[in-house]
Amino acid sequence: MPRFLSGLSGRILMLTVAIIMFAEIVFFVPAVATMRLRWLDDRLNTAAAAVTVIDGLQPLSLPRALQDETLMATGTKAIVLRKDGMSQLLAVTDMPPEISRSYDLTDVGPVEAVVDAFDELLFGGDRAIRILGNIGDSDAIIELVISDDELRHALLIYARNIFALSILLSSVTAMLIFFRLNSMLVRPLRRQIANMQAFSEHPDLPESVFRPSAEPDELGIAGRHLATMQSELQKTLRQQKRLAELGLAVSKINHDMRNILSAAQLMSDRIAGIDDPVVKRVAPKLLRAIDRAAAYSRSVLSYGQVSEAEPKRRMVDVQSLVNDVHDYLELSADPSIEWINRVPEGLKIDADPEQLFRVIFNLCRNSVEALGQQVKAESVNCLTISAQRHGSVVSLTIDDTGPGMPQKARENLFAAFRGSARSGGTGLGLAIARELVLAHGGTIGLVEKAGQGTLFRIEIPDRPVMLESWREESEAGS
């Protein structure tokens, strides 16, 4: 197939030609049947005029010469008049031995007319046929015997003319429709396709964004959506590029930070050996803080690689973990925020203690920052941590009485660099918290509350126990 016809333009052209040709065929079938009936009616009318003259000469016999002239003028081989219950042979010459077809034009159905027309067109030409029809509005019937040579020849000429006219009309119409569709449909599509190819090669260039037309049709709407999508994609690519550059910078800073933290760990170990009550009380917290900072430093590269370490799960005392979060937030120096720990004593959760600490710490730090931006003269700002076990699932809630999350933060909740609740924030805290909770097979979500503030709920299930492992532990314990 030529390249031109393999494209959308060529397919539209061929489809248009095919549709018009089909329409012409639908028109051609009844047209041929109508032409045949008209041709036969003309013969009957011509013969009827001659019969009227001949019938007026009765009872005189018609001379042979006049019969031949009449038959020649009407193109018939025999003329019969049926009148008043009698049949009279008016003229005859070269009567064929057999009549192949007989057609009564007084009552012809449309399907019968089409079948007879194509039978004549395909198989006629050397047959003798008989035609019957009324003379005007009278009851007299005229019957003709003719050869169908002229009829078939006339039908073939008519079919040839119709075919040639159909080809001409379909070609002209198809070209007109083609050029119109090409300007309305194909060219705008080619423009969009060319823009997509150019945009895929240089997605960072502002001039590669598609410039849509203001047309209200589907192509105009598609073009505007394409332009919007490309603009959003460019913003995302620029953001991803900045994130990649930020990740490289963070990796360099992280490398140096780990060296500093290693030195701080050595110094803390020496301080822990000093025999002083204050030092012995503060040193363990300082060591845990430095250890956690080192762990955070190691986890920076994991987040940059879009992967967190697998949770090292064990049974953890939730109340002690929440108290550690309180110590790290240093809320003792801020009397405007009331810390409420409603975690039942002895409640255990099957989780990685370091990762769960990061989750609770990130959520509580966000609440403290929100409460710090809020000025309340009548009541104290509250931050409440609650937890309870339901079968094999532990549910934790972090509830504050702050100003609540703005709508933009709700729409981009847990999305890094977009879901921050405060100006200048990155939203990484919520994104990291969600990733860590999902790694435990749990869920985290923002819960609508009746009063003011923000309420997050975390649900973490216990690990399923394999039967073989349970049997081994039971046997070892016994």
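The present account deals with the structure reproduced in this document. (Residues numbered from 1 in each chain as written. Predicted model: local features only at pLDDT ≥ 70, side-chain atom pairs only at ≥ 80, totals over all residues. Heavy atoms only, no water.)

Turning to helix α9 (residues 353-372), a few remarks are in order. The end-to-end C-alpha distance of α9, which contains 20 residues, comes to 28 Å, matching closely the 28 Å that a straight helix rising 1.5 Å per residue would cover. When you tally the buried positions in α9, you get 14 out of 20 residues, the bulk of the element. Between a side-chain oxygen at the N-terminus of α9 and the backbone nitrogen of E354 the separation is 3.0 Å; the capping residue is D352. (Helix = DSSP H or I, 4+ residues; strand = E, 2+ residues; numbered from the N terminus. Expected span 1.5 Å × (residues − 1). Buried < 20%, exposed > 50% of the residue type's maximum accessible area, 1.4 Å probe, protein only. Polar contact = N/O pair within 3.5 Å; in protein donor to acceptor, adjacent residues only side chain to side chain.)

Moving on, we get to the sheet that holds strand β3 (residues 101-104). Each strand in a sheet pairs with another by means of backbone hydrogen bonds, the pair being arranged parallel or else antiparallel. Strand order in the open sheet formed by five strands is β2-β1-β5-β4-β3, with mixed pairing between adjacent strands. The open sheet has two edge strands, β2 (86-92) and β3, and neither has a second partner. Neighbouring strand axes in the sheet, compared pairwise and without regard to direction, differ in orientation by 20° on average. Sheet analysis places strand β1 (residues 78-83) next to strand β5 (residues 141-147), joined by five bridges and oriented antiparallel. Bridge pairing in β5 links R82 to I141. (Pairing = 2+ DSSP bridges. Axes fitted to C-alpha atoms, helices over the stretch in contact; angles between N-to-C directions.)

The full count for this structure, using the stated rule, is 12 salt bridges. D148 is the salt-bridge partner of R127, the closest N and O atoms lying 3.4 Å from each other. Of this pair, R127 sits in the loop between α4 (110-123) and β4 (128-134) while D148 sits in the loop between β5 and α5 (149-201), and the two are 21 residues apart along the sequence. Here R127 matches D148 in class, with each residue buried. One salt bridge in this structure joins K235 and E232, with 3.9 Å as the shortest N-O distance. Here K235 and its partner E232 are both found in helix α6 (residues 218-272), three residues apart, which amounts to about one turn of the helix. Classification of K235 as partly exposed rests on a relative accessible area of 47%. In this structure E232 comes out as partly exposed when scored by relative accessible area, which is 44%. (Salt bridge = Lys/Arg side-chain N within 4 Å of Asp/Glu carboxyl O.)

Glancing now at the nonpolar core. Ranked by size, the top nonpolar core spans 40 residues in total, and within it W339, I349, C364 and I458 carry the most contacts. Mapped onto this core, the elements with two or more residues apiece are α8 (318-329), β7 (337-342), β8 (348-351), α9, β9 (381-390), β10 (393-400), α11 (428-439) and β12 (454-461). Among all residues touching W339, those that are not within four sequence positions of it are V322, V325, H326, L329, L331, C364, L383 and I385. (Core = buried A, V, L, I, M, F, W, Y, C linked by side-chain atoms within 4.5 Å. Contact = heavy atoms within 4.5 Å.)

The residue I129 is located in strand β4 in this model. For the pair I129 and Y103, spaced 26 residues apart in the sequence, the C-alpha separation amounts to 7.7 Å. The residues touching I129, leaving out its near neighbours within four places in the chain, are I99, R101, Y103, L144, V145, I146, D148 and L151.

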